[in-house]
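Chain residues, written in single-letter form:
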Amino acid sequence: MPIERSVLRARIENAAEYIGPLWPLQTFNAANPLVGFEDQSFDQAVQQARQLLGGRGYPHPSVFRQAWENDEIDPEILTRHLADHGITQRPEVLLDRMESDDRSEPAPPSDEPLDRVTVKWLSAFLDQGQAAWPMPKRSDGFYAAWRAVAPYDNAVPSITRTADLPDTLLEAFEEVLASYPEKRWESIFVHHLAALPGWTGFIKWRARRGNTEWQEAYPITLADYLAVRLILATHLDAAVTPDRAQDLPANGTDRPFLPQIWLRAWEKSYRDRLLDTLAQANKDPQASRDRSPNSARPDAQFAFCIDVRSEIIRRHIEDQGAYETHGYAGFFGVPMQHQPYGAETTVKSCPPIVDPKHRIIDRPADNTAEAVDTYGWWTALETGRRHLVKTLKSNVAAAFGFVEGSGGFFGGAMAARTLLPSALFRLGTRLTDWIPQPTAFTEPTVDRPSADDADWENGLPVGLSHEAKVLYAEAAFRLMGWTDRFAPLVIFTGHGTQTPNNPYKSSLDCGACSGNPGGPNARVLAAICNEDAVQNELREREIDIPDDTVFLAGQHNTTTDEITLFVDDRTPTVPSDALAQVKDDLKAAQAQATTERVRTMNATVDSGQPRAAVRETERRAADWAETRPEWGLAGNASFIIGPRRLTETVDLDGRAFLHSYDWATDEDGTALENIMTGPLVVGEWINTQYYFSTVDNAAYGSGSKVTQNVVGKVGIVQGNGGDLMTGLPLQSLQIDDEHPFHRPLRLLTIIHAPTERVDAVLDRHASLVQLLDHEWIHLTIMDPTQNNRFFHYEAGKWTAHTDASHASAEPALAARTS
């Protein structure tokens, strides 16, 4: 039966909509695992996903019970929601009923033998340098390469020669699908794609990012995967169309659903307490005036990523003196690929939904030859050592003698890494201070070479044009509503993590930089803003930067809360006393922030020692056996878009994304539109990843770190094989085996802007309306034109907030005391 390629491609693309893309470990990005279901209501989507992927959609009853016992669910709100559905039983009885119902649900069916063989060949083909003996013929594509070696696979004895298999991918589909009508194809494809959503999600990502080095060398598509799997199914006597795949996932029902009611009550409890706290914090007009933009010029201003971890350190920096902080997307609006000094490859350093426009290379600055030589000498020494060790380990003749002779040394090193991580951290810090680092002697290539010296790669030019520099600088300040009142020192602060032996390191780095540290982007924006030509043009656009303002870049270590300023102490661009004062205050802020964070990590430190909490976080940053180096974005629950003065007196407990925005400087709503269609969408991805990884870690997370293994340098499996795990590990979400640290709540967005302005943005973006109408996120407006009254978006309408007074007497969000 001949098959038209266009028809086959369309059916596969339709089926693939149910599978979310999975990024490789090196650039692990947060994403909603149910992104293909966002055109459905949340409740219907999780029911469909459970049918197809086998994952839970709502928190386990034990999680609701803990929230109930911890007073995180307001009894009055829960009672009202239950009464709306005619339920009058006591909450404790309903919790017991949910647990009973939960135990009775059957386990989903499995295609284990077919999955096992498919995974074996996917692991071999998609390997990116981990295997010492790679699969042959990979450059021919997955189907052709598998067809060449399949006769040697003892797990499929019916295939003894390549002639037993169809010659081409299209012939493979024709052979398998010949007995099925076209209308059944899509359901067949959905079933087999959903059987291994991790591997197929990775193939989907790689096929769509076709310009990656590995995809160009060894191409693979979902059509390849389906052809191999369907042929294997016929040879292994596995069902091509199991009963559950006879139709596409059925729509969910609208029946009253206890977990749905409990989740909504929990979310409204959090919302009302947060709104009550914000209302209380902003009801004093005098306090608001003291925090207004017209008050005294601050000593320094910081721009941090909107990341929830920034909220904690920002509070403590502001407590140190006349400092202001702002929140902005962590790539600082510069869509770029970054090539670190000494590296041969570039990394994407902008959000996954944004394509890079520029290539930025770190190059030595003027008068840094001595530092460059010193760094180069040490780097060459380390490279030679690594090469020698690798050669001795892998050489047949030398391996045994090397093991005999070096066993004691490596045993000692292993013992030191296990028993003395804090000492190793201090040793590493001293070495870093002693050996010049690239951030001290390099500068980003923000200038574009002349046309004769143009340097392009993958269509990206090195550096930026003058117009682009002005564009990015202006966009940064306008989106933050920051057009005047600049301090003498402005510091753009990216962030990155520090954790050894952690395949999920990139999940702790900056999500807005595609899982890379944000320091390079901060350096680029600081360099741009320091240019006189850029400042002159900004002044013409009514962004008045004083002549004495200096822009610096820094990076927030989210594991230790240390903030490193990228400045050469030998030739500082700001007065040395001012710089020293800032550094001292940053150390004080670090001590306070780590004290706050360590309390949440089941750690015991000597409270009488002011640096004890810092040392505990430094130990976690160096300990290769530490499964919880930091909490990452666990706890995220809200996204607040507004001026900092609304929240600066509130302790948001590290649970809020904070994007600075001033509606008064955004007359046409362009800045708000960019925030809602960019950072807010990324926030929804992060929130849903944490939500689903928490409610069903086996289906949407990645299980325990203790039993994880890296496969092919692309992903994680549990044990020695199986599907790629798609979400976060248990230790990133739970305090222990029974108690979650992350509360699985859908993202609450609060926007400080007139309702009509938000409406105008929604009118232009149906995708945002879809997220709201289908309850993937919630939205509340704090309308400054109506005395900061709150209005909730509910089913396409605005409802005035009326129940803040019903918030619990023990709010989860306490007002700041300092």
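Because the structure is predicted, anything quoted here is derived from the model rather than measured.

Notes on the nonpolar core
Reasoning step 1: Counting residues in hydrophobic clusters, the biggest one holds 192 residues, and the most contacted among them are Trp146, Phe173, Phe189, Trp262, Phe477 and Phe492.
Reasoning step 2: At 11 residues, the largest contribution of residues to this core is made by helix H13 (residues 258-281).
Reasoning step 3: Ignoring any residue separated from it by four or fewer positions in sequence, one finds tryptophan 146 in contact with Trp121, Met135, Ile159, Leu165, Val228, Ile231 and Leu232.

Points about the sheet that holds strand E5 (residues 358-364)
Reasoning step 1: Judged by pairing direction, the sheet is mixed, and its four strands sit side by side in the order E4-E3-E5-E6 without closing on themselves. The two strands at the open ends of the sheet, each matched to only one other strand, are strand E4 (347-349) and strand E6 (442-444). Taken over all neighbouring pairs, the strand axes of this sheet differ in orientation by 30 degrees on average, direction set aside.
Reasoning step 2: Of the strand pairs in this sheet, strand E3 (residues 336-339) and E4 are connected by three bridges, and their pairing is antiparallel. Residue pairing for E4: methionine 336 is matched across the bridge by serine 349.

Points about helix H27 (residues 679-695)
Given 3.6 residues to a turn, an α-helix orients residues that are three or four positions apart in the same direction.
Reasoning step 1: Helix length check: H27 (17 residues) gives 24 Å between terminal C-alpha atoms against 24 Å at 1.5 Å per residue, within 8%.
Reasoning step 2: Here H27 lies mainly inside the structure; 17 of its 17 residues are buried.

Section: the packing of aromatic side chains
Reasoning step 1: A complete count under the given rule lists 39 aromatic pairs for this structure.
Reasoning step 2: Aromatic pair tyrosine 58 and phenylalanine 257: ring centres 5.4 Å apart, planes at 65 degrees, arrangement edge-to-face. Residue tyrosine 58 is found in the loop between helix H2 (42-53) and helix H3 (61-69), and its partner phenylalanine 257 is found in the loop between helix H12 (222-235) and H13; the two are separated by 199 residues along the sequence. Residues tyrosine 58 and phenylalanine 257 agree in their burial class; the two are buried.
Reasoning step 3: Between tyrosine 375 and phenylalanine 441, the ring centres sit 5.4 Å apart and the planes meet at 55 degrees, which makes this aromatic pair tilted. Placement of the pair is tyrosine 375 in helix H16 (residues 369-394) and phenylalanine 441 in helix H19 (residues 438-441), with a sequence separation of 66 residues. The burial state of tyrosine 375 is the same as that of phenylalanine 441; both residues are buried.
Reasoning step 4: Three or more aromatic residues link up through ring pairs in this structure, and these residues are Phe42, Tyr58, Phe257, Tyr691, Phe692, Tyr700 and Trp776.

Thoughts on the pairing of strand E17 (residues 777-783)
Reasoning step 1: For E17, the tally of buried residues reaches seven of seven residues, placing the bulk of the element in the interior.
Reasoning step 2: Here E17 shows no split at all, with Ile777, Leu779, Ile781 and Asp783 on one side and His778, Thr780 and Met782 on the other all buried.
Reasoning step 3: Inspection of the sheet shows strand E16 (residues 747-752) paired to E17 by six bridges, in the parallel sense. Across the sheet, leucine 748 pairs through a bridge with histidine 778, a residue of E17.
Reasoning step 4: Between E17 and strand E18 (residues 789-794), which pair antiparallel in sequence order, lie five residues; one of them, asparagine 787, sits at a positive phi of approximately 55 degrees.

Let's talk about the confidence of the model for the protein chain
The predicted structure's coordinates, where accompanied by low pLDDT, should not be read in detail.
Reasoning step 1: In this model, the protein chain carries an average pLDDT of 90, and 92% of its residues clear a pLDDT of 70 or more.
Reasoning step 2: Ignoring residues within four places in sequence, the model shows residues 804-818, a span with pLDDT below 50, making 31 contacts including any to other chains.

So, how was this worked out
- Residues numbered from 1 in each chain as written.
- Predicted model: local features only at pLDDT ≥ 70, side-chain atom pairs only at ≥ 80, totals over all residues.
- Heavy atoms only, no water.
- Core = buried A, V, L, I, M, F, W, Y, C linked by side-chain atoms within 4.5 Å.
- Buried < 20%, exposed > 50% of the residue type's maximum accessible area, 1.4 Å probe, protein only.
- Helix = DSSP H or I, 4+ residues; strand = E, 2+ residues; numbered from the N terminus.
- Contact = heavy atoms within 4.5 Å.
- Pairing = 2+ DSSP bridges.
- Axes fitted to C-alpha atoms, helices over the stretch in contact; angles between N-to-C directions.
- Expected span 1.5 Å × (residues − 1).
- Phe/Tyr/Trp six-rings, centres within 6.5 Å; stacked < 30°, edge-to-face > 60°.
- pLDDT = per-residue confidence, 0-100.

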